[in-house]
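Observations on the three-dimensional arrangement
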Amino acid sequence: MLRLSGLCKRFEDLPVLSNLSLTLSRGEIVALIGPSGCGKTTLLNIISGLTAPDAGTVEGADGRLSYMFQSARLLPWRTVEENIRLVREDAPAEEVRSLITAVGLEGFERYYPGQLSGGMARRCALARAFHFGGEIFLMDEPFQGLDYGIRMEMLSMLLSIWQRERPGVLFVTHEIDEALTVATRIAVLAPRPTAICQWFDLPGPEGRDASAPELARLRQEIIRRITGYNQSGCHGNGGPQEKVIY
């Protein structure tokens, strides 16, 4: 289990995180939704060890941890297969081929990043993250900028691969439909200094139809919370967070 307790972070005179706490268990996907610039990437960087917090603790991130960034970050001189294999070169070749098939890149193994579309590059990055493996996956708006249909296709691929090992996934997104589709729980973040203001437990298994009528009230409540916090901040910032179950 990943456990964050009382995380605080400031960059010079800019407070970014304020007493932020959460847990992430193996086998669940927690989606983080919040305004741009509220510190979501900073939070993932603290968990991964790229940035140190000013206060608070991170427990459970000392093992193998996969990080999928906003951009694909593929090496341009390596092929699709070589980019995936790069993070674990001693793995059997069939593991890489299985992931290439899972993300729909079969037939493109020898293509270079410059020959790929944006969506194909993200597919390669997704396969690379799962090839690296681990009990915790950090995903920082991994499908940002893709068309709606492609994003939904990518989410389906993500869930298909995730179900093999069911790691804990912390999934940062601005898109409510993405969160409603894949998340076990959703956390709504306040504007800076960021804390978690609202938790939503989602019904049924991951892989929902985000347009399903039974999710309409939940969608409306998330929108209301996000717009409300954007206007007035997080009431009781740093205190106990309200939990809503649907």
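Just so you know, these numbers come straight off a predicted model, no measurement behind them.

Definitions and cut-offs
- Residues numbered from 1 in each chain as written.
- Predicted model: local features only at pLDDT ≥ 70, side-chain atom pairs only at ≥ 80, totals over all residues.
- Heavy atoms only, no water.
- Salt bridge = Lys/Arg side-chain N within 4 Å of Asp/Glu carboxyl O.
- Helix = DSSP H or I, 4+ residues; strand = E, 2+ residues; numbered from the N terminus.
- Buried < 20%, exposed > 50% of the residue type's maximum accessible area, 1.4 Å probe, protein only.
- UniProt positions renumbered as here; feature names shortened; annotations may be inferred.
- Domains from an automatic or database assignment.
- Contact = heavy atoms within 4.5 Å.
- Buried area = accessible area lost by both parts, 1.4 Å probe.
- Polar contact = N/O pair within 3.5 Å; in protein donor to acceptor, adjacent residues only side chain to side chain.
- Pairing = 2+ DSSP bridges.

Observations regarding the pattern of salt bridges
Summed over all chains, the structure comprises 12 salt bridges. As a salt-bridge pair, Glu 81 and Arg 85 come within 4.0 Å of each other at their nearest N and O atoms. Placement of the pair is Glu 81 and Arg 85 together in helix H2 (residues 80-85), with a separation of 4 residues, close to one helical turn. Residue classification places Arg 85 among the buried positions, given a relative accessible area of 17%. The partner of Arg 225 in a salt bridge is Glu 221, with the nearest N and O atoms 2.7 Å apart.

Topic: the UniProt feature "domain: ABC transporter" (unreviewed entry) in the protein
The UniProt record marks residues 2-216 with the feature "domain: ABC transporter" (unreviewed entry), using the residue numbering of this structure. With 31% helix and 26% strand, the stretch residues 2-216 has end C-alpha atoms that lie 31 Å from each other.

Quick notes on the domain arrangement of the protein
The extent of an interface is frequently quoted as the accessible surface area lost upon association of the parts. Domain assignment breaks the protein into domain 1 (1-63 + 133-243) and domain 2 (75-131). Computed over C-alpha atoms only, the centres of domain 1 and domain 2 are separated by 26 Å. The partner domain 2 presents 13 residues to the 16 residues of domain 1 that form the contact. Taking both partners together, domain 1 and domain 2 bury about 1200 Å²; carbon and sulfur atoms supply 68% of that area. Joining domain 1 to domain 2, the criterion identifies 1 salt bridge. Residue Arg 123 is joined to Glu 153 by a salt bridge in which the shortest nitrogen-to-oxygen separation is 3.2 Å. Linking domain 1 to domain 2 there are 7 residue pairs in polar contact (both at pLDDT 80 or more). At the level of secondary structure, the elements contributing two or more residues to the side of domain 1 that touches domain 2 comprise strand S6 (136-140) and helix H5 (148-165).

Let's talk about the side chain of Thr 173
For Thr 173, the location among the structural elements is in the loop between strand S7 (168-172) and helix H6 (176-182). In this structure Thr 173 comes out as buried when scored by relative accessible area, which is 2%. Within the structure, the side chain of Thr 173 is placed 2.9 Å from the backbone nitrogen of Glu 175, a separation counted as a polar contact. A polar atom in the side chain of Thr 173 sits 2.7 Å from the side chain of Glu 178. When neighbours within four sequence positions are excluded, Thr 173 is seen to be in contact with Leu 32, Ile 33, Gly 34, Glu 141, Glu 178 and Ala 179.

Quick notes on the pairing of strand S8 (residues 185-189)
Taking burial as the measure, the 5 residues of S8 include 5 buried ones, the bulk of the element. Of the two faces of S8, the one holding Arg 185, Ala 187 and Leu 189 and the one holding Ile 186 and Val 188 are both buried throughout. When strand S3 (residues 29-33) meets S8, the two strands line up parallel, connected through 4 bridges. Opposite Val 30, over in S8, you have Arg 185 as the bridge partner.

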